[in-house]
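# Working through the structure, step by step
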Amino acid sequence: MTIKVCVGSSCHLKGSYEVIEAFKEVLKKYDVEDLIDLQASFCLGHCAMGVTVECDDLEPAERGAQVEEIPGGFLLHNVNSGNVEELFAKEIYPKLFLN
């Protein structure tokens, strides 16, 4: 599975590098670093929606205001270093089928 964090100009200004660092910590905490390829991505085209994160190969666990389905995966909007773990635990981790 791949998680791509937008680092385009708008997302960069909204803290995308802090989001990447937070994801690194969360992936280590949940011991899934070998299962997820964390990448930076140029603009994902959702500049007005805060830092955007693209997750492939999965369907979202829930469809809320922050979640948008796309072909082959979903986007998380308005991600910040303070909500990375919550979004990971709610939207991504359950889809890894580790249990």
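Quick caveat: nothing in here was measured; it's all calculated off a predicted structure.

### Quick look at the packing of aromatic side chains
Tallied over the entire structure, the rule returns three aromatic pairs. Here the aromatic rings of Phe88 and Tyr93 are separated by 5.9 Å at their centres, their planes lie at 50°, and the arrangement is tilted. Here a set of aromatic residues connected by ring pairs shows up, and it is made of Tyr30, Phe88 and Tyr93.

### Some details on the sheet that holds strand E2 (residues 37-41)
Strand order in this open sheet of five strands is E2-E1-E3-E5-E4, and the pairing throughout is mixed. At either margin of the open sheet sits one strand with a lone partner, and together these are E2 and strand E4 (67-70). Across the sheet, the axes of successive neighbouring strands diverge by a mean angle of 25°, strand direction being ignored. Sheet topology places E4 next to strand E5 (residues 73-79); four bridges connect them, and they run antiparallel.

### Concerning the environment of Val53
Tracing the backbone through its elements, the reader meets Val53 in strand E3 (residues 51-56). When the C-alpha atoms of Val53 and Ser41 are compared, they prove to be 8.9 Å apart, with twelve residues separating the residues in sequence. With residues near it in sequence (within four places) discarded, Val53 still touches Ile3, Lys4, Val5, Val19, Phe23, Phe74, Leu75, Leu76 and Val79.

### With respect to the pairing of E3
Direction of pairing for strand E1 (residues 2-6) relative to E3: antiparallel, over a ladder of three bridges. In the sheet register, Ile3 faces E3, and the bridge partner there is Cys55. Examined bridge by bridge, E3 and E5 share five bridges and lie antiparallel to one another. Bridging across to E5, Val53 finds its partner in Leu76.

### Structural notes on the nonpolar core
Ranked by size, the top nonpolar core spans 26 residues in total, and within it Val19, Phe23, Ile36, Val53, Leu76, Phe88 and Ile92 carry the most contacts. Sort the elements by how many residues they give to this core and helix H2 (residues 16-29) lands first, with six residues. Dropping the residues within four chain positions of it, Phe88 is found in contact with Phe23, Val26, Leu27, Tyr30, Val32, Ile36, Tyr93, Pro94 and Leu96.

Conventions adopted
- Residues numbered from 1 in each chain as written.
- Predicted model: local features only at pLDDT ≥ 70, side-chain atom pairs only at ≥ 80, totals over all residues.
- Heavy atoms only, no water.
- Phe/Tyr/Trp six-rings, centres within 6.5 Å; stacked < 30°, edge-to-face > 60°.
- Pairing = 2+ DSSP bridges.
- Helix = DSSP H or I, 4+ residues; strand = E, 2+ residues; numbered from the N terminus.
- Axes fitted to C-alpha atoms, helices over the stretch in contact; angles between N-to-C directions.
- Contact = heavy atoms within 4.5 Å.
- Core = buried A, V, L, I, M, F, W, Y, C linked by side-chain atoms within 4.5 Å.
- Buried < 20%, exposed > 50% of the residue type's maximum accessible area, 1.4 Å probe, protein only.

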